[in-house]
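# Observations on the three-dimensional arrangement
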Amino acid sequence: IAGITQAPTSQILAAGRRMTLRCTQDMRHNAMYWYRQDLGLGLRLIHYSNTAGTTGKGEVPDGYSVSRANTDDFPLTLSSAVPSQTSVYFCASSDGTSGSEQYFGPGTRLTVT
Amino acid sequence: GQNIDQPTEMTATEGAIVQINCTYQTSGFNGLFWYQQHAGEAPTFLSYNVLDGLEEKGRFSSFLSRSKGYSYLLLKELQMKDSASYLCAVRDGDYKLSFGAGTTVTVRA
């Protein structure tokens, strides 16, 4: 079944550790996105990629990095985790054309202690 | 940037109608989306408006007024399964979405 997968489903991480959240889509979408969702704040864009080989910063990029080596994969790395990065992380993709909606992965629940 | 406002919570009775308002102030506009998100799940697409007017999809309708920076999502014939958060999102010229904080709708029997 086509869609987006994320791994891990949940993770407890010690502060200061490095962590990579994985995201893979099989819809051949050009654009991919990473969001974090916190209670009362809604979804906030961390980084995005309009096509393979390019990335851009969203609203809250500090402490995170991304890469887009191919169309399907868009990993998000926390270089040195801090407790304020405790959140639910959603990856999304779209074909990038006018009117196209974003499809969301199931999310990763991350707790930084 | 984008400033998107929607009510935090709404409660309605099964079979009733609920209207969720969304107002926005944007530096660029390329469409407005509504998403539904059940607790513990990912958001799923409901509707898209880029021109003024009403778009109807079964029990759900969405309205847009670009001059007023205003949209609403109308849920008719409410069912218990409609209890969820409803997210208003505005897309800028770079196809990036900015989301409101979401409106939690509780449907009571």
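Throughout what follows, the structure given in this document is the object of discussion. As the structure is a computational prediction, the values presented were derived from the model and not from experiment.

### Observations regarding the overall build of chain A
In terms of helices and strands, chain A carries zero helices and 11 strands. Ordered by position in the sequence, the α and β elements of chain A form the string β-β-β-β-β-β-β-β-β-β-β. For chain A, the C-alpha radius of gyration of 13 Å lies close to 13 Å, the compact-globule estimate for 113 residues. Each principal axis of the C-alpha distribution contributes one length, and for chain A these read about 40 × 30 × 30 Å. For chain A, the share of sequence-separated contacts (at least 6 apart) that also reach a separation of at least 24 residues comes to 54%.

### Details of the pairing of strand E9 (residues 87–94) of chain A
Residues and elements named next belong to chain A. Within E9, eight of the eight residues are buried, which leaves the element mostly enclosed by the surrounding structure. Here E9 pairs with strand E11 (residues 108–112) via three bridges, running antiparallel. From the neighbouring strand, Val-88 faces E11, where its bridge partner is Arg-109. With two bridges connecting them, E9 and strand E10 (residues 103–104) associate as antiparallel partners. For Ala-92, the partnering residue across the bridge sits in E10 and is Phe-104.

### Some thoughts on the interface of chain A and chain B
Contacts between the two partners involve 21 residues from chain A, matched on the other side by 17 residues from chain B. Here chain A packs against chain B, burying approximately 1,500 Å² in sum over the two surfaces, 56% of which is carbon and sulfur. Across the contact surface, chain A and chain B share zero salt bridges. Across the chain A-chain B interface, the total number found is three residue pairs in polar contact (both at pLDDT 80 or more). Looking at the side of chain A that touches chain B, the elements that each hand over two or more residues are strand E4 (31–38) and strand E5 (42–49) of chain A. Considering each element in turn, the side of chain A that touches chain B owes the most residues, four residues, to E5(A). Here the side of chain A that touches chain B is built from residues that sort into nine nonpolar, 11 polar and one charged.

### Section: the nonpolar core
Residue and element names in this part refer to chain B. Counting residues in each nonpolar core, the largest one holds 20 residues, and the members touching the most others are Ile-20, Leu-32, Trp-34, Leu-73, Leu-75 and Tyr-86. Of all the secondary-structure elements, those providing two or more residues to this core are strand E3 (18–26), strand E4 (32–37), strand E7 (60–65), strand E8 (70–75), strand E9 (84–91) and strand E11 (103–108). Beyond its immediate chain neighbours, meaning those up to four positions away, Leu-32 contacts Tyr-24, Ser-47, Tyr-48, Asn-49, Leu-64, Ser-71, Cys-88, Ala-89 and Val-90.

### Details of the pairing of strand E5 (residues 44–49) of chain B
Residues and elements named next belong to chain B. With five bridges joining them, E4 and E5 adopt antiparallel strand pairing. Bridging across to E5, Gln-36 finds its partner in Thr-44. Between E4 and E5, which pair antiparallel in sequence order, lie six residues; one of them, Gly-40, sits at a positive phi of approximately 80°.

### Thoughts on the layout of surface pockets
Empty space within the largest pocket amounts to approximately 700 Å³. Forming the walls of the largest pocket are 32 residues, and the residues nearest its centre are Gln37(A), Leu39(A), Gln37(B), Gly40(B) and Ser85(B). Ranked by residues supplied to the lining of the largest pocket, first place goes to E9(B) with three residues. Within the lining of the largest pocket, the residues separate by chemical class into 10 nonpolar, 17 polar and five charged. Taken as a whole, the second largest pocket spans an internal volume of roughly 380 Å³. Elements represented by at least two residues in the lining of the second largest pocket include exactly E5 of chain A together with strand E1 (2–5) and strand E10 (97–99) of chain B.

### Remarks on the environment of Val105(B)
Residue and element names in this part refer to chain B. One can find Val-105 in strand E11. Given the relative accessible area of 1%, Val-105 is considered buried. For the pair formed by Val-105 and Pro-7, sequence separation is 98 residues and the distance between their alpha carbons is 9.9 Å. When neighbours within four sequence positions are excluded, Val-105 is seen to be in contact with Met-10, Ile-20, Asp-82, Ser-83, Ala-84 and Tyr-86.

Definitions and limits used
- Residues numbered from 1 in each chain as written.
- Chains lettered and ligands numbered in written order.
- Predicted model: local features only at pLDDT ≥ 70, side-chain atom pairs only at ≥ 80, totals over all residues.
- Heavy atoms only, no water.
- Helix = DSSP H or I, 4+ residues; strand = E, 2+ residues; numbered from the N terminus.
- Rg over C-alpha atoms; globule rule 2.2 N^0.38 Å.
- Contact = heavy atoms within 4.5 Å.
- Buried < 20%, exposed > 50% of the residue type's maximum accessible area, 1.4 Å probe, protein only.
- Pairing = 2+ DSSP bridges.
- Buried area = accessible area lost by both parts, 1.4 Å probe.
- Salt bridge = Lys/Arg side-chain N within 4 Å of Asp/Glu carboxyl O.
- Polar contact = N/O pair within 3.5 Å; in protein donor to acceptor, adjacent residues only side chain to side chain.
- Nonpolar A, V, L, I, M, F, W, Y, C, P; charged D, E, K, R; others polar.
- Core = buried A, V, L, I, M, F, W, Y, C linked by side-chain atoms within 4.5 Å.
- 1 Å grid on protein atoms, 1.4 Å probe; cavity = no way out; pocket = protein on both sides within 12 Å on 5 of 7 lines; lining within 4 Å.
- Points joined across faces, edges and corners; volume = space filled by probe spheres on them.

Any functional reading would require information beyond the geometric quantities listed.
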